[in-house]
Amino acid sequence: MKREEKQELITELNGVFKTSGLVVVVLNKGMTVADVTELRNNIRKDGAKYRVAKNRLAKFALAGTPCEEMADLLVGPTALAYSEDAIAASRAVVKMAKTNDKIEVVGGIMNGKKVDAKTIAELAALPSLDELRAKLVGLLQAPAGQLARLAKAYSEKEQAA
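Just so you know, these numbers come straight off a predicted model, no measurement behind them.

**Topic: the environment of Ala 117**
Tracing the chain through its elements places Ala 117 in helix H5 (residues 117-125). Under the relative-accessibility criterion, Ala 117 is labelled partly exposed at 27%. As a C-alpha pair, Ala 117 and Ser 90 span 27 residues in sequence and 9.6 Å in three-dimensional space. When sequence neighbours within four positions are dropped, the list of residues in contact with Ala 117 reads Val 105, Val 106 and Gly 107.

Listed below in structure tokens is the structure:
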């Protein structure tokens, strides 16, 4: 990798570390190309991104970001999963780690605070922001529908009398 490419990668990762709500450090223990492709596709479906980067370059990119505490997690063959939404990055990585013993969630940074693998697994179990919005809309619409039925029944009773 040329010096200019390294600098571009550092700048890109620095932006990722500044804007992501969650950055998950994943340990790759001999994953095949098919495994990595499947993981990338699953992560994209959940609205997150996956990036393999040299630890040394990633540590340079951490400077001046809320993710600086993450430097000690970057040991061995690692990759980064990240998203603005704290749920998206964790969901696909944890799901893949359950089915493939070649991937291990090490930890990460959520909104500037270091979190362990257990916390990331708990985040993965939570509903996504879209799912919560759908539930909220459903809860708000239910009383309105009941009120409309009650008004209709009352008007029908008035007409019958």
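Alright, that's what it looks like, and here's the rest.
**Quick word on unusual backbone geometry**
Trans is the prevailing form of peptide bonds, just as negative phi is the prevailing case for residues other than glycine. Positioned with a positive phi, Asn 111 is a non-glycine residue whose angle comes to about 50°. Mapped onto the elements, Asn 111 comes out in the loop between strand E4 (103-110) and strand E5 (113-116).

**Thoughts on the sheet that holds E4**
The antiparallel open sheet is built from five strands, whose spatial order is E2-E3-E1-E4-E5. Strands with a single pairing partner mark the edges of an open sheet, and in this sheet they are strand E2 (49-52) and E5. On average, adjacent strands in this sheet sit at an angle of 25° to one another, irrespective of strand direction. Strand direction decides the pairing type here: E4 and E5, joined by four bridges, are antiparallel. By the bridge assignment for E5, Ile 109 is matched with Lys 114.

**Considerations on the pairing of strand E1 (residues 22-28)**
Remember that side chains alternate between the two faces of the sheet whenever the strand is regular. With respect to burial, E1 is a largely interior element, seven of its seven residues being buried. Residues Leu 22, Val 24, Val 26 and Asn 28 of E1 are buried on one face, and the alternating residues Val 23, Val 25 and Leu 27, pointing to the opposite face, are buried as well. Sheet topology note: the E1/E4 ladder contains seven bridges and is antiparallel. Bridge pairing in E4 links Leu 22 to Met 110.

**Here's the deal with the pattern of salt bridges**
The final tally for this structure, using the stated rule, is three salt bridges. Residue Lys 29 pairs with Glu 104 through a salt bridge whose shortest N-O separation is 3.3 Å. In this pair, Lys 29 sits in the loop between E1 and helix H2 (33-45) while Glu 104 sits in strand E4, placing the two residues 75 residues apart along the sequence. Residue classification places Lys 29 among the partly exposed residues on the basis of a relative accessible area of 41%. Residue Lys 114 pairs with Asp 72 through a salt bridge whose shortest N-O separation is 2.6 Å. Taken together, the residues span a long stretch of sequence, with Lys 114 in strand E5 and Asp 72 in the loop between helix H3 (55-62) and strand E3 (78-83) at a distance of 42 residues. Judged by relative accessible area, Lys 114 falls into the partly exposed class, the value being 36%.

**Quick notes on the nonpolar core**
Inside soluble globular proteins, nonpolar side chains tend to come together where they are buried. With 25 residues, the main nonpolar core has Val 24, Leu 39, Ile 43, Tyr 50 and Val 93 as its most contacted residues. Elements with a minimum of two residues in this core: E1, H2, E3, helix H4 (86-99), E4 and H5. It is H4 that provides the largest number of residues to this core, a total of eight residues.

**Notes on the side chain of Ser 90**
Following the sequence through the fold, Ser 90 ends up in helix H4. On the basis of relative accessible area, Ser 90 is assigned to the buried category, the value being 0%. When sequence neighbours within four positions are dropped, the list of residues in contact with Ser 90 reads Leu 22, Val 24, Ile 120, Leu 123 and Ala 124.

Rules behind the numbers
Residues numbered from 1 in each chain as written. Predicted model: local features only at pLDDT ≥ 70, side-chain atom pairs only at ≥ 80, totals over all residues. Heavy atoms only, no water. Helix = DSSP H or I, 4+ residues; strand = E, 2+ residues; numbered from the N terminus. Buried < 20%, exposed > 50% of the residue type's maximum accessible area, 1.4 Å probe, protein only. Contact = heavy atoms within 4.5 Å. Pairing = 2+ DSSP bridges. Axes fitted to C-alpha atoms, helices over the stretch in contact; angles between N-to-C directions. Salt bridge = Lys/Arg side-chain N within 4 Å of Asp/Glu carboxyl O. Core = buried A, V, L, I, M, F, W, Y, C linked by side-chain atoms within 4.5 Å.

Treat this as a map of the structure, not an account of what it does.
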